[in-house]
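Each chain is listed here by its residues.
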Amino acid sequence: MIIDLHTHAFPEKIAARTLEVLIANTARISDYPMKNYTDGTASGLLEVERRAGVDLAVVLPIVTNPKQSETINRVAKETNDANCGLYSFGSLHPADPDALSWVDKLAAEGFKGIKLHPEFQNIYADSDEMTAVCRRAAQYGMTVVLHAGRDIGYLPPVKTEPDMLLRLIDRVPDLKLVAAHLGGWMMWEEVAEKLVGTPIYFDTAFIADFIDKAAARDIINAHGADKVLFGSDAPWEDPAKTLKFLRSLSIDPEDLKKICGKNAAGLLGI
Ligand SMILES: [Zn+2]
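Predicted model, so just to flag it, every value in this text is computed and none were measured.

1. Quick notes on the overall build of the protein
Item 1. Each helix and strand in the protein was counted, giving 10 helices and nine strands.
Item 2. Each of the three principal axes of the protein carries a C-alpha extent, and together these read 45 × 40 × 40 Å.
Item 3. Put simply, the protein has 270 residues, and 49% of those count as buried.
Item 4. Nonlocal contacts in the protein, meaning residues at least 24 apart in sequence, comprise 76% of its contacts between residues at least 6 apart.

Here you go:
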């Protein structure tokens, strides 16, 4: 079973516009030819994932304003009830005074995980608010996927540096924490030095064009394939490309199976 643990989809009405805005924001600070590989909708995502041979794609919505929590989590719940090859995590804003009750609510609705994004949410990964949310999520055994490292659409200061992740996992040691983008986008030397060997999971989203193969292989092998999860970041990368990249790294075939699905199945309880 192949599981893409890091994808995005937006409601039909706003999908096209959302992609446009995100691409325009990136173009202001980066030369990278950012492009969408799906039309931004759930059905578009499903089509691209099926073409890549993916059995299940995990959608990671991001609440950037507490007012969106209700709608975003309702759509997420509908996605899960539809049982269509997509599974959505919930989201909340850590600075929302209701953040902890949102964790309770999501747990009660059966959500297996929460996505948080310190850049989009303008809050540091090791802040008290973030720590409190993670502590509550850990009590329910929920997975927290955190954007990590630089973001292509944001200028420094970086709000999820390896040191911050170390502090967070130190405070909440039983948290199933996933640091996206192989532990920290464009900060892989520091990841290799500080995060390799910790209990933090890494996903492989949006790295194929930015990291050299030897560096990626070294981090994965040193960290342990049990804690690495295939994620594409679709629509921003074609999952077929991410899989091709992972298969080209000469990783042990059993390890590759863990990375491409087994580990994620464990986190999702399937
Ligand atoms: Zn992403």
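2. Considering the packing of helix α4 (residues 99–108) against helix α5 (residues 128–139)
Item 1. Running from N to C, α4 and α5 cross one another at 25°; their axes reach a closest spacing of 9 Å. As judged from the angle between their axes, α4 and α5 are roughly parallel. Classified by chirality, the crossing of α5 by α4 is right-handed. Each of A99, L100 and V103 in α4 lies in contact with α5, whose residues at this interface are E129, A132, V133, R136 and A137.

3. Re the sheet that holds strand β7 (residues 176–179)
Item 1. The strand order across the open sheet formed by six strands is β4-β5-β6-β7-β8-β9, and the pairing between neighbours is parallel. Two strands lie at the open edges of the sheet, namely β4 (90–91) and β9 (228–229), each paired on one side alone.

4. Here's the deal with the pairing of strand β6 (residues 143–146)
Item 1. Burial of β6 is two-sided: the residues T143 and V145 facing one way and the residues V144 and L146 facing the other way are all buried.
Item 2. Judged from the four bridges that link them, strand β5 (residues 113–116) and β6 form a sheet pairing that is parallel. The residue of β6 that forms the bridge with L116 is L146.
Item 3. Regarding the hand of the β-α-β motif, the stretch spanning β5, α5 and β6 is right-handed.
Item 4. Pairing of β6 with β7, which is carried by four bridges, proceeds in the parallel orientation. When the bridges of β7 are listed, L146 appears paired with A179.

Rules behind the numbers
Residues numbered from 1 in each chain as written. Predicted model: local features only at pLDDT ≥ 70, side-chain atom pairs only at ≥ 80, totals over all residues. Helix = DSSP H or I, 4+ residues; strand = E, 2+ residues; numbered from the N terminus. Buried ≥ 20, exposed ≤ 12 C-beta atoms within 10 Å, placed from the backbone. Contact = placed C-beta atoms within 7 Å. Axes fitted to C-alpha atoms, helices over the stretch in contact; angles between N-to-C directions. Parallel < 35°, antiparallel > 145°, perpendicular 65-115°, else oblique. Left-handed = near helix turned anticlockwise from the far one by under 90°. Pairing = 2+ DSSP bridges. Right-handed = clockwise from strand over helix to strand, strands pointing away.

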